[in-house]
Each structure stands twice: as C-alpha cells, then as structure tokens.
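Overview (structure and organization)
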Amino acid sequence: DAKTTQPTSMDCAEGRAANLPCNHSTISGNEYVYWYRQIHSQGPQYIIHGLKNNETNEMASLIITEDRKSSTLILPHATLRDTAVYYCIVREDNYGQNFVFGPGTRLSVLP
Amino acid sequence: DTAVSQTPKYLVTQMGNDKSIKCEQNLGHDTMYWYKQDSKKFLKIMFSYNNKELIINETVPNRFSPKSPDKAHLNLHINSLELGDSAVYFCASSLTWDPNQPQHFGDGTRLSIL
C-alpha cells in the first residue's frame, strides 16, 4: 500500500498556480519524496524529487515541511496540458526502487 | 525520439495463451523495470534489472518471466495467461541503480484477457 495520502481531485484555473498537497507522516529520515504525473493513456512522467530542502526545476517546485510529514507540489502557471493524475511517492524499501504509486490526485486545469 | 518504447501497445488474448511484451530504451540507461498498473490505478513494481542482472523480483507468479538480452532491452514473457493478468504493464528505465535517479516510463501495454 502507498505510504502517502493525497486528495482525490482538484481543479485549477488556467494560468494560475496549482498547489498539490501530499501527506507522508510515516516517512523515515532517508526516504525521498518523489512526484510523477500520468497524462491519460501515457506512462508516468517524472516531475521532481527532494529529501529535506525545497527544490525547483523547469517543471515545478517542491516544498517540504520542516518535519517532512507533508509536501506540496507547485505548478506555477498551470496550462491545459497539465491536466493529469499526480502521484506523490516515498521510497518503499532500502533499495529505493520499489515505487508504489497510489491513486494520486486528478488535477483538472480549467480554461 | 521515443526514449522508452513498448510493443505492443494493446494486447487482447484468451486465457491460457502465452504472450510476450517487449521493451527497449535508447537512453543508455543501466537499469530497467517492469510495473503493473491495476484497475484501481495502483502501479507496483514487478521486476528490476541492473546491467542485465535481476535485482528485484517482487511477489509475482512464476508464470511471469523477464529476460534482458542486453542493457537496452527488457522483455516480459507471460505463460498460461489468467483473467487477473488483465492490466496495463509499464516498462521504465533509470540511468543507474542509484535510487535518486528518476525513472523514465514507456506508454504502457494494455493487456486484456478474454
């Protein structure tokens, strides 16, 4: 079972920032938080990951709380093409490769 | 250029048949994976290969047998297909075994068992 909880769905107006929350209250000290998204009929796409510090790349920003029990993925200017299911994942085991993708958050960007 | 490509995209077959799904990556990655996405959209790892060697073999029926002829290919053969095997199967790759490396996914193979 996934170690994260996310809202089932969210809406966001085109051009506005989309803030997607994730709770991972049982995360351990050496586990990273990863975000992927899946656009309909495609494979999951890597977005960003982080351990403690906030991270930013060309796609998004990741804000991790100081106690690391939750995080927020920020898409600064959402477009219609950002409509997808967004998965927040923490590593499942010491190998770090056993990703379990839960149901995720279905983000709908509205015109 | 497609980074991780799977064939076929759709596979419809009858119970009891044997089928194979092929995966190829042109990213020069060392590590490849097979995932299964069920009807509830949970995506779980099945196998992982690093430099053609099996690293992870989750609790998967032995009817599923992965084969890695070289670093760029990881095929999945399934014997005696069952109704419960209906799912979307995703292949993925990462640069190295380092867990901090992001994984790149193919677009999936939709397997339907009649």
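Conventions we followed
Residue numbering note: each chain is counted from 1, following its sequence as written. For naming, the first written chain is A and the first written ligand is 1, with later ones following in the order written. Local features are withheld for residues below a pLDDT of 70 in this predicted model, meaning they are given only at 70 or higher, and side-chain atom pairs are given and counted only at 80 or more; totals for whole chains, interfaces and linings count all residues. For side-chain calculations, the full set of non-hydrogen atoms in the structure is used, while hydrogens and water are omitted. What counts as a helix is a DSSP run of H or I of at least four residues, what counts as a strand is a run of E of at least two, and both are numbered from the N terminus. Note that the radius of gyration is over C-alpha atoms, with the globule rule given as 2.2 Å times the number of residues to the power 0.38. Remark: exposure states derive from per-residue accessible area (1.4 Å probe, protein chains only) relative to the maximum for the residue type, with buried under 20%, exposed over 50%, and partly exposed in between. Any two residues whose heavy atoms approach within 4.5 Å are treated as being in contact. The protein chains shown are the only cover counted for residues, whose accessible areas, like all others here, come from Shrake-Rupley with a 1.4 Å probe. Only Phe, Tyr and Trp rings are paired, with Trp represented by its six-membered ring, and only when their centres lie within 6.5 Å; those with planes under 30 degrees apart are stacked, over 60 edge-to-face, the remainder tilted.

1. Focus on the overall build of chain B
Summing up its helical and strand segments, chain B has zero helices and eleven strands in all. Beginning at the N terminus, the succession of helices and strands in chain B can be written as β-β-β-β-β-β-β-β-β-β-β. Here the C-alpha radius of gyration of chain B, 13 Å, is about what a compact globule of 114 residues would show, namely 13 Å. By principal-axis analysis of the C-alpha atoms, chain B measures approximately 40 × 30 × 30 Å. For chain B, with 114 residues in total, the buried portion stands at 45%. Within chain B, residue pairs in contact and separated by at least 24 positions form 55% of the contacts whose partners lie at least 6 positions apart. Per element, the accessible surface of chain B, about 5,600 Å² overall, is 48% carbon and sulfur.

2. Remarks on the packing of aromatic side chains
Pairs of aromatic rings are described using the distance from one ring centre to the other and the angle between the two planes. Enumeration according to the criterion identifies seven aromatic pairs over all chains in this entry. Ring geometry for Y33 of chain B and Y35 of chain B: centres 6.3 Å apart, planes at 45°, overall tilted. The burial state of Y33 of chain B is the same as that of Y35 of chain B; both residues are buried. Look at F64 of chain B and Y89 of chain B: their rings are 6.3 Å apart centre to centre, the planes differ by 35°, and that puts the pair in the tilted class. Here F64 of chain B, found in strand β7 (residues 64-70), pairs with Y89 of chain B, found in strand β9 (residues 87-94); they are 25 residues apart in sequence, far enough to count as distant. Through successive ring pairs, a cluster of aromatic residues spans Y36 and Y46 of chain A together with Y33, Y35, F90 and F105 of chain B.

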